[in-house]
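Survey of secondary and tertiary structure
Each chain, letter by letter, is given below.
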Amino acid sequence: MKQFAVKRLKIFTGGKKMKNMLKILFVMTLLLAFNSSAHALSSYLTNFNNTYGTSATALNTCSLCHTSVPSLNPYGSAFSVGHNFQAIESADSDGDTFTNIAEINARTFPGDPNSKPAPTPPQACTYTYSAWGTCQSNGIQTRTVISSSPAGCVGTPVTSQSCTYVPPTPPPTPTPPPTPTPTPTPTPAPMPSMPAPTSQMNFSFHPTASPVVNPDPALAMPIGVGPVATGGNTISIKVETANFSAPVDVYFGVFAPTYTDLFDPMNVYLMGAAFDWKPASGDKKLERWKKNVTSVNESLFGDI
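Residues numbered from 1 in each chain as written. Predicted model: local features only at pLDDT ≥ 70, side-chain atom pairs only at ≥ 80, totals over all residues. Heavy atoms only, no water.

Concerning the pattern of salt bridges
The condition is simple: Salt-bridge detection follows one rule: a side-chain nitrogen of Lys or Arg within 4 Å of a carboxyl oxygen of Asp or Glu. Think of it in three bands: residues with accessible area under 20% of the maximum for their type are buried, residues over 50% are exposed, and the middle band is partly exposed, with areas taken using a 1.4 Å probe on protein chains only.
With the rule as written, the count across this model stands at 3 salt bridges. With its nearest N and O atoms 2.6 Å apart, the salt bridge here joins Lys-290 to Glu-298. Overall, Glu-298 belongs to the partly exposed group, its relative accessible area being 23%.

Brief notes about the environment of Ser-160
To be explicit about the condition: Where helices and strands are cited, they refer to DSSP runs of H or I of at least four residues and of E of at least two residues respectively, numbered from the N terminus. A contact between two residues is defined here by any heavy atoms of the two lying within 4.5 Å.
Tracing the backbone through its elements, the reader meets Ser-160 in strand β6 (residues 160-162). Residue classification places Ser-160 among the partly exposed positions, given a relative accessible area of 39%. Among residues more than four places away in sequence, those in contact with Ser-160 are Trp-132, Ile-140, Gln-141 and Thr-142.

As for the state of the cysteines
For clarity, the cut-off: Criterion for a disulfide: a pair of cysteine sulfur atoms within 2.5 Å.
Taken as a whole and judged by the stated rule, the model has 2 disulfides. Here Cys-125 is linked by a disulfide to Cys-153, with a sulfur-sulfur distance of 1.9 Å. Between Cys-125 and Cys-153 the disulfide shows an S-S torsion of about 95 degrees. By sign, it is right-handed. With Cys-125 in the loop between α4 (100-105) and β3 (126-129) and Cys-153 in the loop between β5 (145-149) and β6, this residue pair connects regions lying 28 residues apart in the sequence. Taken individually, Cys-125 and Cys-153 each receive the classification buried, so the pair is uniform in this respect. Paired through a disulfide, Cys-135 and Cys-163 show a sulfur-sulfur distance of 1.9 Å. Across the S-S bond of Cys-135 and Cys-163 the torsion is about 90 degrees, and the bridge reads as right-handed. With Cys-135 in the loop between β3 and β4 (140-142) and Cys-163 in the loop between β6 and β7 (223-224), this residue pair connects regions lying 28 residues apart in the sequence. For the pair shown, Cys-135 and Cys-163 are each scored as buried.

Some thoughts on helix α3 (residues 74-82)
So the rule is basically this: Of all possible arcs, the one meant is that of the directions from the helix axis to the C-beta atoms. In protein, a polar contact means a hydrogen-donor-capable atom and an acceptor-capable atom, both N or O and within 3.5 Å, with residues adjacent in sequence counting only if both atoms are side-chain atoms; elsewhere, any N or O pair within 3.5 Å suffices.
Among all positions in α3, only Tyr-75, Gly-76 and Phe-79 are buried. The buried residues of α3 occupy an angular sector of 95 degrees when the element is viewed end-on, so they sit on one face. The opening residue of α3 is Asn-73, an N-cap whose side-chain oxygen sits 3.1 Å from the backbone nitrogen of Tyr-75. Among the residues trailing α3, His-83 stands out with phi positive, at a value near 50 degrees.

Overview of the confidence of the model for the protein
Parts of the prediction with low pLDDT should not have their coordinates interpreted in detail. Using the following cut-off: Confidence of the predictor at the level of single residues is captured by pLDDT, which takes values from 0 to 100.
Per-residue confidence for the protein gives a mean pLDDT of 82, with 84% of residues at or over 70. Predicted confidence is poor over residues 1-14, with pLDDT under 50, and the contacts of this stretch with residues over four places away or in other chains come to 9 contacts. Counting interchain partners and residues more than four positions distant, the pLDDT-below-50 stretch residues 22-40 has 6 contacts.

Digging into the nonpolar core
Side chains that are nonpolar tend, in soluble globular proteins, to be buried together. Here is the rule: To qualify as a nonpolar core, a set must consist of buried Ala, Val, Leu, Ile, Met, Phe, Trp, Tyr and Cys residues joined through side-chain atoms within 4.5 Å.
Counting residues in each nonpolar core, the largest one holds 14 residues, and the members touching the most others are Val-239, Val-250, Phe-252, Trp-289, Val-296 and Leu-300. The set of elements that each furnish at least two residues to this core consists of β8 (236-240) and β9 (248-250). Setting aside residues up to four positions removed in sequence, Val-296 forms contacts with Val-239, Glu-240, Thr-241, Val-250 and Trp-289. Ranked by size, the runner-up nonpolar core spans 12 residues in total, among them Cys-65, Tyr-75, Ile-104 and Phe-109.

Digging into the sheet that holds strand β10 (residues 253-254)
Let me state the cut-off plainly: Any two strands are treated as partners once DSSP identifies two or more bridges connecting them.
Spatially, 3 strands are ordered β10-β11-β12 in an open sheet, and the strand pairing comes out antiparallel. With one partner strand each, in any of the chains shown, β10 and β12 (277-279) form the two edges of the open sheet. With 2 bridges joining them, β10 and strand β11 (residues 269-271) adopt antiparallel strand pairing. Opposite Val-254, over in β11, you have Tyr-269 as the bridge partner.

Quick notes on unusual backbone geometry
In this structure, the amide linkage connecting Val-69 to the following residue, Pro-70, adopts the cis form with an omega of 10 degrees. Looking at where Pro-70 falls in the secondary structure, it is placed in the loop between β1 (66-68) and β2 (71-72). A cis geometry characterises the amide bond from Ser-149 onward to Pro-150, with omega recorded as -5 degrees. Along the chain, the position of Pro-150 falls in the loop between β5 and β6.

Points about the side chain of Asn-73
By the element assignment, Asn-73 lies in the loop between β2 and α3. There is a polar contact of 3.1 Å between the side chain of Asn-73 and the backbone nitrogen of Tyr-75. Residues within four places of Asn-73 in sequence aside, it is in contact with Ser-63, Leu-64, Cys-65, His-66, Thr-67 and Gly-111.

Below, the structure written as structure tokens:
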């Protein structure tokens, strides 16, 4: 249209005055063009403000889409493709990790990576605790955290508190049972003494394995011969008497008619203090075994 207008002017005028008129017309054309562009930019911004309610915010400026007019920032470039603000809401035009709509709602510039919403502070934690433990001697009781929510939350759990310590009551000292009075063991009555013989007395009894001690001479069996008395093959001679009422002399004699290789079958042999055997017959003095004793308790010869 500029060339057409110039040609028309040259055809009809062709003079110097018309050249000046052409300059004026050219300037007017440029002004009209710029005015048309500015009108378009203003209508986009008005549409944006009406859509998001930003007319009274920092976003109500050409810097929303331009680095400097007519250069576009990333958001302006995205908008220029279809001229539809809603279509690019979910995009992150400036690459600052926030979507365009998030930045618009935060009133930061979606085309400027240095302008972005403040980070959302993490939520405070809600804790689930165990029951309080027993109050300790330091006046503190504790508990443990079982769980916390939501994920990523922050907070400081309360896991201890003051308490009133009550010391445990010591168990009563048991009363010792009374010491039983021991029952005295009755002291057996001493066995009566066997009376010292004052005259000759003769007593006989069947063989017995062990001596029978009795103060009554008629009941006493002072000589035991061991197992042979009950059919065994071993002779174990033991002499035991009750206490005599006075010191006596004791004679021990053996009559063994079947042991002809050791004894005269027609004689009685008396054992001396040295355990030697002498016949009781003849005019020799009788051999004593014990002299001036009050009792006898002795085993002789061992097992035979």
